[in-house]
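Here's the letter readout for the chains.
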Amino acid sequence: MIGIIFLAQTIRIAMPYFFAAAGGVVSERVGIIGLSLEGFMLTGAFCTVLGSYYSGDPWIGLLCGIAGGMAAALILAVATIRFRADQVVAGIAINLLAIGATRFFLRLFFNSSSNSPRVVGFGGEQSAGGLFATFGNPIVWLGLITLPVLGLVLYRTPFGLRLRAVGEHPQAARSLGVSVNRLRYIGVILSGALAGLGGAYLASDQHQFTDGMTAGRGFIALAAVIFGRWDPKRVALACLLFAAAETLQIQLQGLQLVPSQFVEMIPYVLTIIALVGVVGRASPPAALGKME
């Protein structure tokens, strides 16, 4: 029984990582650094709550979350592809913009600086326990297939081949008639849609938006992308590993065997250890972060 609860909670926690990491894979495969995943997720979470609040329909909220992530991604795409902005600086700027904008609109729409009212969503009130409650959320099923489907697209379709070519050898891709900038726009916007879905899952499961609710999940998802060496199957396993560490943290907090401050460090320490272990061995896409 304990194992089932642990598994259910791990899957729930892994959902936003699955979506955001899939977005990170797409973005970095076309050569755009995925530092802005956190901002995409936060924007998607807020737009989900806004859509659900005014429509009363969680599906409309979900679509709004995807649209919010895509809008944030479009800003990044224009800055980095059209105006050749430094990708690291632009990614950090998107994250800061998302934090500031969601706080501003939280106050504007809900007259609160901390959280929105409760809205309709897909997660049940007792969603913390049991496989039935976990798999009763349709977004969970979407999350479970996202990275495997992405793997098929990247490695089994002409579109995926072009995406990978743009991130590895953009000059060669251009010489074959591939529109490099067009595919980069598509990749970044698709990344925003996927990461926005991760934020939508968080907001829908918690039935509200709280200030800074993504809490660094976008950065952990980016770590999973690097740890998984930009391969969707390995990235999925990395997401599960980080989610299991977070679940262990929650379980240990309940037992109160060690000070909570040390327990809260577990997912982040594991992330650092994982990244240190792949430094020098993981080879990113050759054109990542480079604009010719």
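Report on the accompanying structure. (Residues numbered from 1 in each chain as written. Predicted model: local features only at pLDDT ≥ 70, side-chain atom pairs only at ≥ 80, totals over all residues. Heavy atoms only, no water.)

Brief notes about the overall build of the chain
Within the chain one finds 13 helices and 0 strands. Starting at the N terminus and walking to the C terminus, you meet the elements of the chain as α-α-α-α-α-α-α-α-α-α-α-α-α. Seen through its principal axes, the chain has C-alpha atoms that stretch 60 × 45 × 30 Å. Evaluated residue by residue, the chain yields a buried proportion of 50% over its 292 residues. A separation threshold of at least 6 residues defines the contact pool for the chain, and within that pool the share at least 24 residues apart is 78%. (Helix = DSSP H or I, 4+ residues; strand = E, 2+ residues; numbered from the N terminus. Buried < 20%, exposed > 50% of the residue type's maximum accessible area, 1.4 Å probe, protein only. Contact = heavy atoms within 4.5 Å.)

Here's the deal with unusual backbone geometry
A positive phi angle, near 50 degrees, is found at A215, a position not held by glycine. Positive phi values are uncommon outside glycine, yet R229 reaches one of about 55 degrees. Summarising the element assignment, R229 is placed in the loop between α10 (217–227) and α11 (232–255).

Some details on the nonpolar core
Formed by 73 residues in total, the largest nonpolar core has its most connected members in F40 and F209. Here this core takes 12 residues from helix α1 (residues 2–29), the largest share from any one element. Once residues within four sequence positions are removed from consideration, F209 is found in contact with L42, A45, F46, V49, T102, L106, S114, N115 and S116. (Core = buried A, V, L, I, M, F, W, Y, C linked by side-chain atoms within 4.5 Å.)

Some words on the packing of aromatic side chains
Evaluated as defined, the whole model comprises 10 aromatic pairs. Measuring from centroid to centroid gives 5.0 Å for Y53 and Y54, while their planes differ by 85 degrees, and the two rings are edge-to-face. Judged by centre distance (5.2 Å) and plane angle (45 degrees), the rings of F135 and W141 are tilted. For R82, the ring lying beneath its charged end belongs to F83, and the centroid distance is 5.0 Å. (Phe/Tyr/Trp six-rings, centres within 6.5 Å; stacked < 30°, edge-to-face > 60°. Lys NZ or Arg CZ within 6 Å of the ring centre and 35° of its normal.)

Some points on the side chain of S191
Take S191: it is sitting in helix α9 (residues 180–206). Residue contacts for S191: discarding those within four places in its chain leaves G23, G24, S27, L37 and F40.

What to know about the packing of helix α2 (residues 37–55) against α10
For any two helices packed against each other, one specifies the inter-axial angle together with the distance between the axes. Taken N-terminus to C-terminus, the directions of α2 and α10 make an angle of 135 degrees; their axes are 7 Å apart at the nearest point. With respect to their mutual orientation, α2 and α10 come out oblique. You can see that α2 and α10 cross each other, and the crossing is right-handed. Where α2 abuts α10, its residues L37, E38 and M41 lie against R217, G218, F219, A221 and L222. Residues belonging to the contact of α2 with α10 are distributed by class as follows: 5 nonpolar, 1 polar and 2 charged. (Axes fitted to C-alpha atoms, helices over the stretch in contact; angles between N-to-C directions. Parallel < 35°, antiparallel > 145°, perpendicular 65-115°, else oblique. Left-handed = near helix turned anticlockwise from the far one by under 90°. Nonpolar A, V, L, I, M, F, W, Y, C, P; charged D, E, K, R; others polar.)

Quick word on the environment of H207
With respect to the helices and strands, H207 occurs in the loop between α9 and α10. For H207, a relative accessible area of 9% gives the class buried. Through-space distance from the C-alpha of H207 to that of Y53 is 9.9 Å; in sequence the pair is 154 residues apart.

Comments concerning α10
The periodicity of an α-helix, 3.6 residues per turn, causes residues three or four positions apart to be oriented the same way. With 8 of its 11 residues buried, α10 lies for the most part within the structure. The complete set of buried residues in α10 reads R217, G218, I220, A221, L222, A223, A224 and V225. Looking one or two residues past α10, R229 carries a phi angle of roughly 55 degrees, positive in sign.

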